[in-house]
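# Remarks on the overall topology
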Amino acid sequence: MPIIETKNLNLFYDKFHALIDVNIAIKEKGITAIIGPSGCGKSTLLRTFNRMNDLIEGVAMTGEILVGSENILGPGIDLVGLRKKVGMVFQRPNPFPLTIYENLVYGLKVHHMITSRDELGGLVEESLKAVLLWDKLKDRLYASALSLSLEEKQRLCIARTLAVKPDIILMDEPCSALDPIATLKIEETARELKKDYTIVIVTHNMQQAARISDDVGFMLLGRLVEFGKTGDVFNRPQDKKTEEYITGRYG
Ligand SMILES: Nc1ncnc2c1ncn2[C@@H]1O[C@H](COP(=O)(O)OP(=O)(O)OP(=O)(O)O)[C@@H](O)[C@H]1O
């Protein structure tokens, strides 16, 4: 059973029809990548999965988005609870101007998950281990998060998302501000995390999608043109437009 499934999902920014009849089924655990040219709707689709688009004025949606078995477009949805379950990592690392420790326990306070000091310490350790930063930062937990390198900041942001125990992590071009070596480290982190979490990543970098994803969706002008196992989509695309895009002949 998919962990996220959209049924005839349409999204409008006022009159602009940004997502058109999108039907996608994302498997639990593993990495699903969304690729496509600039402006095709990748980030818009990703942001529907935890209803981050609601923060933009003039957005309207039709259709269904099932997360687990719940239609998150239905009435009475607990958005705070949804965003705890479906965490998000952005393009530019955005740690709070607080200590590393405070960044990691921040979400626990917001979600009233505060436990004992020992338990908080345990969660901090667990989250930093998951992003392979524990050994490096365990003696610097009270240093400012702003003193970290860009790549460490991004891994800290991933750890901050993990601390509140999500099921799904949305990543919107998480490496676009990083150099190639830092990019590979984030990819290594994502590969580790996919054992325990479902990751949906938007990337304009096709090599990255090919390297790390299990499934991939190709979008064009608001539509999901093709979706399938990464090896199949890259090696045997069914749609001519997908083929043109992945062979660099698009446009
Ligand atoms: N807040 C907004 N208001 C109006 N239109 C928007 C808004 N955000 C995005 N759009 C439009 O929706 C379309 C899809 O944008 P989106 O950012 O989802 O595409 P994308 O594939 O992620 O692009 P990129 O790779 O450049 O980030 C674009 O035409 C964009 O101009």
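Computed from a predicted model, the values in this text were never measured in an experiment.

## Some details on helix 6 (residues 150-163)
The terminal C-alpha atoms of helix 6 lie 20 Å apart, and with 14 residues this matches the ideal 20 Å at 1.5 Å per residue to within 8%. Taking burial as the measure, the 14 residues of helix 6 include 13 buried ones, the bulk of the element. One or two residues past the end of helix 6 sits K165, with phi positive at roughly 60 degrees.

## Some points on the pairing of strand 1 (residues 4-13)
Note: strand 1 against strand 2 (residues 16-26), seven bridges, orientation antiparallel. The residue of strand 2 that forms the bridge with L11 is L19. Hairpin geometry of strand 1 and strand 2 is characterised by an intervening segment of two residues between the two adjacent antiparallel strands and by a positive phi of about 50 degrees at D14. Examined bridge by bridge, strand 1 and strand 4 (residues 59-67) share eight bridges and lie antiparallel to one another. Of the residues in strand 4, the one forming a bridge with I4 is V67.

## Things to note about the sheet that holds strand 1
Pairing is antiparallel across the open sheet formed by four strands, whose spatial order is 2-1-4-5. Each end of this open sheet is capped by a strand with a single partner; those strands are strand 2 and strand 5 (70-71).

## Looking at helix 7 (residues 180-193)
Under the 1.5 Å per step criterion, the end-to-end length of helix 7 is 20 Å for 14 residues, consistent within 8% with the ideal 20 Å. Among the residues of helix 7, those classed as buried are T183, I186, T189, A190 and L193. Buried residues of helix 7 fall within an arc of 120 degrees about the axis and therefore sit on the same side. More than 90 degrees from the buried face of helix 7, the exposed residues found are P180 and I181. Residues of helix 7 that are buried sit in contact with strand 3 (30-35), helix 4 (117-130), helix 6, strand 7 (168-172), strand 8 (198-202) and helix 8 (206-212).

## Focus: the UniProt feature "domain: ABC transporter" (unreviewed entry) in the protein chain
Mapped onto the present numbering, the UniProt feature "domain: ABC transporter" (unreviewed entry) falls on residues 4-246. In the segment residues 4-246, helix accounts for 37% and strand for 27%; the C-alpha atoms at its two ends are 25 Å apart.

## Here's the deal with the site of the ligand
Close to the ligand lie 13 residues, the nearest being Y13, S38, K42, S43 and T44. Counting only elements with at least two residues in the shell around the ligand, the list comes to strand 2 and helix 1 (42-48). If one sorts the elements of the shell around the ligand by residue count, helix 1 sits on top with three residues. Counted by class, the shell around the ligand contains five nonpolar, seven polar and one charged residues.

## Remarks on the packing of helix 6 against helix 7
Running from amino to carboxyl end, helix 6 crosses helix 7 at an angle of 20 degrees, the nearest separation of the two axes being 9 Å. In terms of axis orientation, helix 6 runs roughly parallel to helix 7. Of the two possible hands of crossing, helix 6 and helix 7 adopt the one that is right-handed. In contact with L150, E151, Q154, R155 and I158 of helix 6, helix 7 contributes A182, K185, I186 and T189.

## Things to note about the packing of helix 3 (residues 100-110) against helix 4
Taken N-terminus to C-terminus, the directions of helix 3 and helix 4 make an angle of 110 degrees; their axes are 10 Å apart at the nearest point. Taken together, the axes of helix 3 and helix 4 are roughly perpendicular relative to one another. Classified by chirality, the crossing of helix 4 by helix 3 is right-handed. Along the contact surface, helix 3 presents Y101, L104, V105 and L108, while helix 4 presents L120, L123, V124 and S127. Tallied by class, the residues present in the contact of helix 3 with helix 4 amount to seven nonpolar, one polar and no charged.

Reading the values: the criteria
- Residues numbered from 1 in each chain as written.
- Predicted model: local features only at pLDDT ≥ 70, side-chain atom pairs only at ≥ 80, totals over all residues.
- Helix = DSSP H or I, 4+ residues; strand = E, 2+ residues; numbered from the N terminus.
- Expected span 1.5 Å × (residues − 1).
- Buried ≥ 20, exposed ≤ 12 C-beta atoms within 10 Å, placed from the backbone.
- Pairing = 2+ DSSP bridges.
- Arc of directions from axis to C-beta.
- Contact = placed C-beta atoms within 7 Å.
- UniProt positions renumbered as here; feature names shortened; annotations may be inferred.
- Near = placed C-beta within 6 Å.
- Nonpolar A, V, L, I, M, F, W, Y, C, P; charged D, E, K, R; others polar.
- Axes fitted to C-alpha atoms, helices over the stretch in contact; angles between N-to-C directions.
- Parallel < 35°, antiparallel > 145°, perpendicular 65-115°, else oblique.
- Left-handed = near helix turned anticlockwise from the far one by under 90°.

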